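Here's the letter readout for the chains.
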Amino acid sequence: MTGIDPRTVLLLTGALGGFMAVVLYMLRRNYPPAIKGIGEWALSMALGLVAGLLFTAVGKIPVLLSVTLPTIAYLAAAYISFMGTQRFFGVVPKPLPWVIWIGLAVLGSTWFLFVDPSYSSRLRLNLVVMVSLFVAQGSLIFQRSRHSYAGRIALIVLTIATGIHLMRLVSTFFYPVGSNVMDPSIPSVVYITVYSFLVPIGAISQVIMATERLRTELEHVATHDSLTDAYTRRYMNEACQRELERSARHGREMSLMLLDIDHFKSVNDTLGHQAGDRILTEFVAGIRTQLRSADLLGRFGGEEFVVILPETSPEVAMVVAERIRSTMADRAGPTVSIGITTNQSGGDTVDSLLARADAAMYRAKANGRNRVEVA
(Lines give C-alpha, C1' and ligand atoms only; values in the text may rest on other atoms or scores of the structure.)
Protein backbone atom coordinates (compact mmCIF):
# COMPACT_ATOMS: atom_id res chain seq x y z
CA MET A 1 0.00 0.00 0.00
CA THR A 2 1.11 3.57 -0.69
CA GLY A 3 -0.22 7.01 0.08
CA ILE A 4 -0.67 7.76 -3.62
CA ASP A 5 -4.14 7.43 -5.10
CA PRO A 6 -3.93 5.92 -8.64
CA ARG A 7 -7.19 7.62 -9.57
CA THR A 8 -5.77 11.07 -8.77
CA VAL A 9 -2.59 10.33 -10.72
CA LEU A 10 -4.61 9.25 -13.76
CA LEU A 11 -6.77 12.37 -13.57
CA LEU A 12 -3.71 14.63 -13.43
CA THR A 13 -2.09 12.73 -16.28
CA GLY A 14 -5.28 13.07 -18.30
CA ALA A 15 -5.38 16.81 -17.66
CA LEU A 16 -1.77 17.23 -18.78
CA GLY A 17 -2.39 15.02 -21.80
CA GLY A 18 -5.45 17.04 -22.71
CA PHE A 19 -3.47 20.29 -22.47
CA MET A 20 -0.71 18.87 -24.70
CA ALA A 21 -3.36 17.65 -27.14
CA VAL A 22 -4.59 21.24 -27.48
CA VAL A 23 -1.02 22.49 -27.93
CA LEU A 24 -0.30 19.94 -30.65
CA TYR A 25 -3.61 20.66 -32.34
CA MET A 26 -2.79 24.37 -32.46
CA LEU A 27 0.61 23.54 -33.94
CA ARG A 28 -1.08 21.48 -36.64
CA ARG A 29 -3.38 24.39 -37.45
CA ASN A 30 -0.57 26.92 -37.69
CA TYR A 31 2.43 25.00 -39.00
CA PRO A 32 3.01 24.43 -42.73
CA PRO A 33 1.14 21.45 -44.22
CA ALA A 34 4.53 20.00 -45.20
CA ILE A 35 5.09 19.09 -41.54
CA LYS A 36 3.07 15.90 -41.21
CA GLY A 37 2.07 13.84 -38.20
CA ILE A 38 1.24 16.59 -35.69
CA GLY A 39 -2.48 15.93 -36.00
CA GLU A 40 -1.97 12.26 -35.16
CA TRP A 41 0.10 13.21 -32.12
CA ALA A 42 -2.68 15.52 -30.94
CA LEU A 43 -5.31 12.80 -31.45
CA SER A 44 -3.11 10.35 -29.54
CA MET A 45 -2.98 12.70 -26.56
CA ALA A 46 -6.76 13.21 -26.72
CA LEU A 47 -7.38 9.45 -26.77
CA GLY A 48 -5.03 9.06 -23.83
CA LEU A 49 -7.14 11.61 -21.95
CA VAL A 50 -10.31 9.65 -22.73
CA ALA A 51 -8.69 6.38 -21.65
CA GLY A 52 -7.43 7.85 -18.38
CA LEU A 53 -10.80 9.38 -17.48
CA LEU A 54 -12.67 6.14 -18.20
CA PHE A 55 -10.16 4.04 -16.26
CA THR A 56 -10.75 6.20 -13.17
CA ALA A 57 -14.42 5.24 -13.32
CA VAL A 58 -13.72 1.54 -12.74
CA GLY A 59 -16.35 0.16 -10.38
CA LYS A 60 -18.63 3.14 -10.92
CA ILE A 61 -19.82 2.56 -14.49
CA PRO A 62 -20.27 -0.62 -16.59
CA VAL A 63 -17.07 -2.54 -17.39
CA LEU A 64 -17.58 -2.03 -21.11
CA LEU A 65 -17.11 1.70 -20.52
CA SER A 66 -14.55 1.56 -17.73
CA VAL A 67 -12.37 -1.31 -19.00
CA THR A 68 -12.99 -2.36 -22.61
CA LEU A 69 -13.43 1.07 -24.16
CA PRO A 70 -10.48 2.73 -22.38
CA THR A 71 -8.28 -0.27 -23.25
CA ILE A 72 -9.11 0.24 -26.92
CA ALA A 73 -8.48 3.99 -26.59
CA TYR A 74 -5.19 3.39 -24.74
CA LEU A 75 -3.79 1.02 -27.37
CA ALA A 76 -5.16 3.11 -30.24
CA ALA A 77 -3.48 6.21 -28.77
CA ALA A 78 -0.10 4.43 -28.76
CA TYR A 79 -0.50 3.28 -32.36
CA ILE A 80 -1.75 6.66 -33.61
CA SER A 81 1.28 8.30 -31.98
CA PHE A 82 3.50 5.86 -33.88
CA MET A 83 1.58 6.59 -37.07
CA GLY A 84 2.14 10.31 -36.53
CA THR A 85 5.88 9.70 -36.14
CA GLN A 86 5.88 7.70 -39.37
CA ARG A 87 4.15 10.50 -41.27
CA PHE A 88 6.43 13.09 -39.64
CA PHE A 89 9.44 11.31 -41.16
CA GLY A 90 7.77 10.69 -44.51
CA VAL A 91 7.15 6.98 -43.96
CA VAL A 92 3.86 5.67 -45.36
CA PRO A 93 2.02 3.94 -42.47
CA LYS A 94 0.98 0.30 -42.94
CA PRO A 95 -1.79 0.01 -40.37
CA LEU A 96 -3.18 -3.44 -41.17
CA PRO A 97 -0.61 -5.53 -39.23
CA TRP A 98 -0.90 -3.23 -36.24
CA VAL A 99 -4.70 -3.15 -36.38
CA ILE A 100 -4.71 -6.95 -36.38
CA TRP A 101 -2.19 -7.06 -33.53
CA ILE A 102 -4.15 -4.56 -31.43
CA GLY A 103 -7.45 -6.23 -32.35
CA LEU A 104 -6.16 -9.59 -31.10
CA ALA A 105 -5.06 -7.95 -27.86
CA VAL A 106 -8.50 -6.37 -27.41
CA LEU A 107 -10.21 -9.69 -28.11
CA GLY A 108 -7.93 -11.39 -25.62
CA SER A 109 -8.62 -8.71 -23.03
CA THR A 110 -12.35 -9.11 -23.60
CA TRP A 111 -12.04 -12.87 -23.12
CA PHE A 112 -10.13 -12.41 -19.85
CA LEU A 113 -12.69 -9.85 -18.74
CA PHE A 114 -15.94 -11.70 -19.34
CA VAL A 115 -15.21 -15.39 -20.03
CA ASP A 116 -12.15 -16.21 -17.95
CA PRO A 117 -11.68 -13.18 -15.69
CA SER A 118 -7.99 -12.45 -15.16
CA TYR A 119 -6.67 -8.92 -14.73
CA SER A 120 -3.06 -10.14 -14.87
CA SER A 121 -3.64 -11.69 -18.31
CA ARG A 122 -5.30 -8.51 -19.60
CA LEU A 123 -2.48 -6.40 -18.23
CA ARG A 124 0.19 -8.59 -19.84
CA LEU A 125 -1.51 -8.44 -23.23
CA ASN A 126 -1.71 -4.66 -23.13
CA LEU A 127 1.88 -4.30 -21.95
CA VAL A 128 3.22 -6.52 -24.74
CA VAL A 129 1.41 -4.43 -27.37
CA MET A 130 2.64 -1.18 -25.83
CA VAL A 131 6.25 -2.39 -25.71
CA SER A 132 6.12 -3.46 -29.37
CA LEU A 133 4.77 -0.02 -30.36
CA PHE A 134 7.39 1.83 -28.32
CA VAL A 135 10.18 -0.26 -29.82
CA ALA A 136 8.90 0.34 -33.36
CA GLN A 137 8.56 4.09 -32.77
CA GLY A 138 11.94 4.33 -31.08
CA SER A 139 13.61 2.43 -33.91
CA LEU A 140 12.18 4.86 -36.45
CA ILE A 141 13.32 7.92 -34.49
CA PHE A 142 16.76 6.36 -34.02
CA GLN A 143 17.08 5.86 -37.77
CA ARG A 144 15.82 9.30 -38.78
CA SER A 145 16.53 11.75 -35.95
CA ARG A 146 18.95 10.37 -33.37
CA HIS A 147 21.42 13.21 -33.99
CA SER A 148 18.90 15.98 -33.30
CA TYR A 149 18.17 17.40 -29.86
CA ALA A 150 14.45 16.63 -30.05
CA GLY A 151 15.11 13.16 -31.43
CA ARG A 152 17.38 12.34 -28.51
CA ILE A 153 14.74 13.51 -26.01
CA ALA A 154 12.09 11.40 -27.72
CA LEU A 155 14.42 8.38 -27.71
CA ILE A 156 15.12 8.81 -23.99
CA VAL A 157 11.39 9.04 -23.23
CA LEU A 158 10.60 5.97 -25.34
CA THR A 159 13.48 4.02 -23.82
CA ILE A 160 12.30 4.79 -20.29
CA ALA A 161 8.69 4.01 -21.25
CA THR A 162 9.77 0.68 -22.74
CA GLY A 163 11.78 -0.15 -19.62
CA ILE A 164 8.89 0.77 -17.31
CA HIS A 165 6.47 -1.39 -19.28
CA LEU A 166 8.89 -4.32 -19.34
CA MET A 167 9.45 -4.06 -15.59
CA ARG A 168 5.72 -3.89 -15.03
CA LEU A 169 5.28 -6.95 -17.26
CA VAL A 170 7.88 -8.90 -15.30
CA SER A 171 6.39 -7.78 -11.98
CA THR A 172 3.04 -9.36 -12.87
CA PHE A 173 4.67 -12.78 -12.49
CA PHE A 174 6.02 -12.07 -9.00
CA TYR A 175 3.68 -9.60 -7.33
CA PRO A 176 -0.11 -9.49 -6.98
CA VAL A 177 -1.70 -7.20 -9.58
CA GLY A 178 -5.08 -6.82 -7.94
CA SER A 179 -8.33 -6.77 -9.87
CA ASN A 180 -8.05 -3.59 -11.94
CA VAL A 181 -5.91 -0.61 -12.87
CA MET A 182 -6.87 1.19 -9.64
CA ASP A 183 -5.09 -1.40 -7.51
CA PRO A 184 -3.11 0.50 -4.83
CA SER A 185 -0.20 -1.97 -4.73
CA ILE A 186 3.33 -0.58 -4.96
CA PRO A 187 4.16 -1.96 -8.47
CA SER A 188 0.90 -0.60 -9.86
CA VAL A 189 1.25 2.84 -8.28
CA VAL A 190 4.91 3.16 -9.28
CA TYR A 191 4.07 2.18 -12.87
CA ILE A 192 1.18 4.64 -13.13
CA THR A 193 3.11 7.47 -11.46
CA VAL A 194 6.23 7.14 -13.60
CA TYR A 195 4.19 6.78 -16.78
CA SER A 196 2.21 9.90 -15.85
CA PHE A 197 5.46 11.90 -16.02
CA LEU A 198 6.43 10.39 -19.36
CA VAL A 199 3.18 11.34 -21.10
CA PRO A 200 3.68 15.14 -21.04
CA ILE A 201 7.46 14.82 -21.56
CA GLY A 202 6.80 12.67 -24.63
CA ALA A 203 4.37 15.26 -25.94
CA ILE A 204 6.92 18.03 -25.29
CA SER A 205 9.51 16.09 -27.28
CA GLN A 206 7.01 15.94 -30.16
CA VAL A 207 6.48 19.69 -29.93
CA ILE A 208 10.25 20.22 -30.05
CA MET A 209 10.56 17.87 -33.04
CA ALA A 210 7.88 19.82 -34.88
CA THR A 211 9.56 23.12 -33.97
CA GLU A 212 12.92 21.87 -35.21
CA ARG A 213 11.29 20.81 -38.46
CA LEU A 214 9.63 24.23 -38.80
CA ARG A 215 12.99 25.93 -38.29
CA THR A 216 14.51 23.68 -40.95
CA GLU A 217 11.66 24.48 -43.34
CA LEU A 218 12.05 28.23 -42.76
CA GLU A 219 15.81 28.04 -43.20
CA HIS A 220 15.30 26.14 -46.45
CA VAL A 221 12.83 28.74 -47.72
CA ALA A 222 15.24 31.53 -46.77
CA THR A 223 18.24 29.96 -48.53
CA HIS A 224 16.69 28.22 -51.56
CA ASP A 225 15.03 29.45 -54.71
CA SER A 226 11.35 28.50 -54.63
CA LEU A 227 11.24 27.34 -58.27
CA THR A 228 14.49 25.46 -58.83
CA ASP A 229 15.51 24.70 -55.22
CA ALA A 230 18.97 26.07 -56.00
CA TYR A 231 20.53 28.32 -53.39
CA THR A 232 19.56 32.00 -53.35
CA ARG A 233 21.91 34.77 -54.46
CA ARG A 234 22.33 36.00 -50.89
CA TYR A 235 23.30 32.56 -49.65
CA MET A 236 25.76 32.08 -52.50
CA ASN A 237 27.42 35.43 -51.79
CA GLU A 238 27.89 34.42 -48.16
CA ALA A 239 29.10 30.92 -49.11
CA CYS A 240 31.54 32.36 -51.64
CA GLN A 241 32.95 34.71 -48.99
CA ARG A 242 33.44 31.81 -46.57
CA GLU A 243 35.13 29.71 -49.23
CA LEU A 244 37.41 32.57 -50.26
CA GLU A 245 38.51 33.05 -46.66
CA ARG A 246 39.07 29.33 -46.17
CA SER A 247 41.04 29.05 -49.42
CA ALA A 248 43.22 32.03 -48.49
CA ARG A 249 43.80 30.65 -45.00
CA HIS A 250 44.95 27.25 -46.28
CA GLY A 251 46.55 28.41 -49.53
CA ARG A 252 44.16 26.45 -51.73
CA GLU A 253 42.40 27.11 -55.00
CA MET A 254 38.69 27.52 -55.55
CA SER A 255 36.81 28.03 -58.78
CA LEU A 256 33.59 29.78 -59.62
CA MET A 257 31.37 29.31 -62.68
CA LEU A 258 28.74 31.69 -64.01
CA LEU A 259 26.20 29.98 -66.27
CA ASP A 260 23.61 31.61 -68.50
CA ILE A 261 21.00 29.74 -70.54
CA ASP A 262 21.25 30.72 -74.21
CA HIS A 263 18.27 32.44 -75.87
CA PHE A 264 16.11 31.90 -72.79
CA LYS A 265 14.02 35.01 -73.43
CA SER A 266 12.85 33.56 -76.73
CA VAL A 267 11.68 30.44 -74.89
CA ASN A 268 9.45 32.52 -72.62
CA ASP A 269 8.22 34.62 -75.55
CA THR A 270 7.34 31.70 -77.82
CA LEU A 271 6.45 28.86 -75.45
CA GLY A 272 5.29 30.76 -72.37
CA HIS A 273 6.57 31.14 -68.83
CA GLN A 274 5.45 27.68 -67.72
CA ALA A 275 7.70 26.14 -70.35
CA GLY A 276 10.48 28.47 -69.19
CA ASP A 277 9.99 27.38 -65.59
CA ARG A 278 10.16 23.74 -66.63
CA ILE A 279 13.42 24.35 -68.50
CA LEU A 280 14.91 26.07 -65.45
CA THR A 281 14.06 23.19 -63.11
CA GLU A 282 15.35 20.62 -65.62
CA PHE A 283 18.48 22.72 -66.10
CA VAL A 284 19.23 22.71 -62.37
CA ALA A 285 18.53 18.98 -62.12
CA GLY A 286 20.93 18.35 -65.00
CA ILE A 287 23.70 20.45 -63.48
CA ARG A 288 23.42 18.68 -60.13
CA THR A 289 24.21 15.33 -61.73
CA GLN A 290 27.62 16.72 -62.71
CA LEU A 291 28.58 18.23 -59.35
CA ARG A 292 30.12 16.86 -56.18
CA SER A 293 28.30 17.02 -52.86
CA ALA A 294 30.67 19.80 -51.72
CA ASP A 295 29.90 21.98 -54.75
CA LEU A 296 27.26 24.69 -54.40
CA LEU A 297 24.72 25.68 -57.04
CA GLY A 298 22.77 28.93 -56.80
CA ARG A 299 20.39 30.97 -58.89
CA PHE A 300 21.43 34.58 -59.32
CA GLY A 301 18.26 35.63 -61.08
CA GLY A 302 16.35 34.81 -64.24
CA GLU A 303 18.32 32.26 -66.27
CA GLU A 304 21.67 33.00 -64.60
CA PHE A 305 23.27 30.52 -62.19
CA VAL A 306 26.48 30.31 -60.17
CA VAL A 307 28.47 27.24 -59.13
CA ILE A 308 31.13 27.33 -56.40
CA LEU A 309 33.75 24.59 -56.71
CA PRO A 310 35.82 24.33 -53.49
CA GLU A 311 39.45 23.21 -53.79
CA THR A 312 39.23 23.09 -57.58
CA SER A 313 41.92 24.16 -60.04
CA PRO A 314 41.09 25.96 -63.33
CA GLU A 315 41.87 22.77 -65.28
CA VAL A 316 39.45 20.66 -63.25
CA ALA A 317 36.84 23.44 -63.34
CA MET A 318 37.12 23.46 -67.14
CA VAL A 319 36.45 19.71 -67.24
CA VAL A 320 33.37 20.13 -65.02
CA ALA A 321 32.10 23.08 -67.09
CA GLU A 322 32.55 21.20 -70.36
CA ARG A 323 30.69 18.26 -68.89
CA ILE A 324 27.80 20.54 -67.91
CA ARG A 325 27.81 22.27 -71.31
CA SER A 326 27.82 18.93 -73.13
CA THR A 327 24.99 17.57 -70.97
CA MET A 328 22.84 20.60 -71.72
CA ALA A 329 23.70 20.51 -75.45
CA ASP A 330 22.69 16.85 -75.69
CA ARG A 331 19.23 17.59 -74.30
CA ALA A 332 16.31 18.98 -76.21
CA GLY A 333 16.18 22.66 -75.33
CA PRO A 334 18.46 25.67 -75.05
CA THR A 335 22.22 25.41 -74.53
CA VAL A 336 24.34 27.14 -71.90
CA SER A 337 27.28 29.56 -71.95
CA ILE A 338 29.73 29.33 -69.03
CA GLY A 339 32.38 31.64 -67.64
CA ILE A 340 35.02 30.31 -65.23
CA THR A 341 37.41 32.01 -62.85
CA THR A 342 39.65 30.94 -59.99
CA ASN A 343 40.85 32.81 -56.93
CA GLN A 344 44.10 34.48 -57.85
CA SER A 345 45.34 36.14 -54.67
CA GLY A 346 44.55 36.69 -51.04
CA GLY A 347 43.04 40.02 -52.04
CA ASP A 348 40.25 38.48 -54.12
CA THR A 349 36.68 39.38 -53.15
CA VAL A 350 33.31 37.95 -54.05
CA ASP A 351 32.71 40.90 -56.37
CA SER A 352 36.04 40.48 -58.16
CA LEU A 353 35.43 36.77 -58.70
CA LEU A 354 31.93 37.41 -60.04
CA ALA A 355 33.17 40.21 -62.28
CA ARG A 356 35.79 37.97 -63.90
CA ALA A 357 33.36 35.07 -64.31
CA ASP A 358 30.77 37.44 -65.75
CA ALA A 359 33.28 38.79 -68.27
CA ALA A 360 34.22 35.25 -69.28
CA MET A 361 30.57 34.28 -69.64
CA TYR A 362 29.82 37.27 -71.90
CA ARG A 363 32.86 36.36 -73.96
CA ALA A 364 31.34 32.90 -74.40
CA LYS A 365 28.11 34.55 -75.56
CA ALA A 366 29.99 36.81 -77.97
CA ASN A 367 31.96 33.88 -79.40
CA GLY A 368 28.86 31.99 -80.45
CA ARG A 369 27.26 30.69 -77.23
CA ASN A 370 27.18 27.05 -76.09
CA ARG A 371 30.82 27.28 -75.00
CA VAL A 372 33.08 27.75 -71.99
CA GLU A 373 35.50 30.64 -71.46
CA VAL A 374 38.05 31.17 -68.67
CA ALA A 375 39.08 34.44 -67.04
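One can find the structure itself at the top, above this paragraph.
Residues numbered from 1 in each chain as written. Predicted model: local features only at pLDDT ≥ 70, side-chain atom pairs only at ≥ 80, totals over all residues. Heavy atoms only, no water.

Draft legend 1. Structural view of the packing of helix 3 (residues 63-88) against helix 5 (residues 119-145). Their axes nearest at 9 Å, the elements helix 3 and helix 5 cross at an angle of 10 degrees. Accordingly, the angle class assigned to the pair helix 3 and helix 5 is roughly parallel. Listed contacts from helix 5 to Val67, Thr71, Tyr74, Leu75, Ala78, Tyr79, Ser81, Phe82, Thr85 and Gln86 of helix 3 are Arg122, Asn126, Val129, Met130, Leu133, Ala136, Gln137, Leu140 and Ile141. For the contact of helix 3 with helix 5, a count of residues per class yields twelve nonpolar, six polar and one charged. (Axes fitted to C-alpha atoms, helices over the stretch in contact; angles between N-to-C directions. Helix = DSSP H or I, 4+ residues; strand = E, 2+ residues; numbered from the N terminus. Parallel < 35°, antiparallel > 145°, perpendicular 65-115°, else oblique. Contact = heavy atoms within 4.5 Å. Nonpolar A, V, L, I, M, F, W, Y, C, P; charged D, E, K, R; others polar.)

Draft legend 2. Seen up close, the packing of aromatic side chains. A full pass over the atoms with the stated rule returns ten aromatic pairs. Judged by centre distance (5.2 Å) and plane angle (35 degrees), the rings of Trp41 and Phe88 are tilted. Residue Trp41 is located in helix 2 (residues 38-55), and its partner Phe88 is located in helix 3; the two are separated by 47 residues in the primary sequence. Like Trp41, the residue Phe88 is buried in the burial classification. Ring centres 6.4 Å apart and planes at 75 degrees place the aromatic pair Tyr74 and Tyr195 in the edge-to-face group. Here Tyr195 lies in helix 7 (residues 186-223) and Tyr74 lies in helix 3, a separation of 121 residues in the sequence. The exposure class assigned to Tyr74 is buried, which follows from its relative accessible area of 17%. Residue class for Tyr195 comes out buried when judged on its relative accessible area of 19%. (Phe/Tyr/Trp six-rings, centres within 6.5 Å; stacked < 30°, edge-to-face > 60°. Buried < 20%, exposed > 50% of the residue type's maximum accessible area, 1.4 Å probe, protein only.)

Draft legend 3. Just a nonpolar patch on the surface, in detail. Together, Ile61, Val63, Leu64, Leu65, Leu69, Trp111, Phe114 and Val115 give the surface a local cluster of nonpolar side chains, amounting to about 710 Å² of exposed area. Contributing elements (two or more residues each) for the nonpolar patch: helix 3 and helix 4 (95-115). When residues in the nonpolar patch are grouped by element, the largest group, four residues, is from helix 3. Mapped onto the secondary structure, Val115 falls in helix 4. When its relative accessible area of 52% is taken as the criterion, Val115 is described as exposed. (Patch = residues over 30% accessible without salt bridge, like charges linked within 9 Å, V, L, I, M, F, W, Y side chains within 5 Å. Areas by Shrake-Rupley, 256 points an atom, 1.4 Å probe, with all protein chains shown as cover. Salt bridge = Lys/Arg side-chain N within 4 Å of Asp/Glu carboxyl O.)

Draft legend 4. Local environment of the pattern of salt bridges. Applying the stated rule across the entire model yields 14 salt bridges. The salt bridge involving Arg246 is made with Glu311; its shortest N-O contact spans 3.1 Å. Here the residue Arg246 occupies a position in helix 8 (residues 233-250), and Glu311 occupies one in the loop between strand 3 (304-309) and helix 11 (314-330), the gap between them amounting to 65 residues. Accessibility expressed as a relative area gives 25% for Arg246, which makes it partly exposed.

Draft legend 5. Quick peek at helix 2. Between its terminal C-alpha atoms helix 2 stretches 26 Å, which fits the 26 Å expected from 18 residues at 1.5 Å a residue. Every buried residue belonging to helix 2 is among Ile38, Glu40, Trp41, Ala42, Ser44, Met45, Ala51, Gly52, Leu54 and Phe55, and all of these are buried. Against helix 1 (6-30), helix 3 and helix 7 lie the buried residues of helix 2. (Expected span 1.5 Å × (residues − 1).)

Draft legend 6. View of the sheet that holds strand 5 (residues 372-374). Within the open sheet, the five strands sit side by side as 2-3-1-4-5. Their pairing is mixed. Each having just a single partner strand, strand 2 (296-301) and strand 5 make up the two edges of the open sheet. Across this sheet, the average inter-strand angle for adjacent strands is 20 degrees, counted without regard to direction. Taken together, the three bridges between strand 4 (residues 336-342) and strand 5 define a ladder with parallel strand orientation. Each residue of the ladder has a partner; that of Ile338, found in strand 5, is Val372. Contacts from helix 8 reach strand 1 (255-261), strand 2 and strand 3, with the element oriented near 135 degrees to strand 2. Along the sheet, helix 12 (residues 350-366) contacts strand 1, strand 2, strand 3, strand 4 and strand 5; its crossing angle with strand 4, the most-contacted strand, is approximately 145 degrees. (Pairing = 2+ DSSP bridges.)

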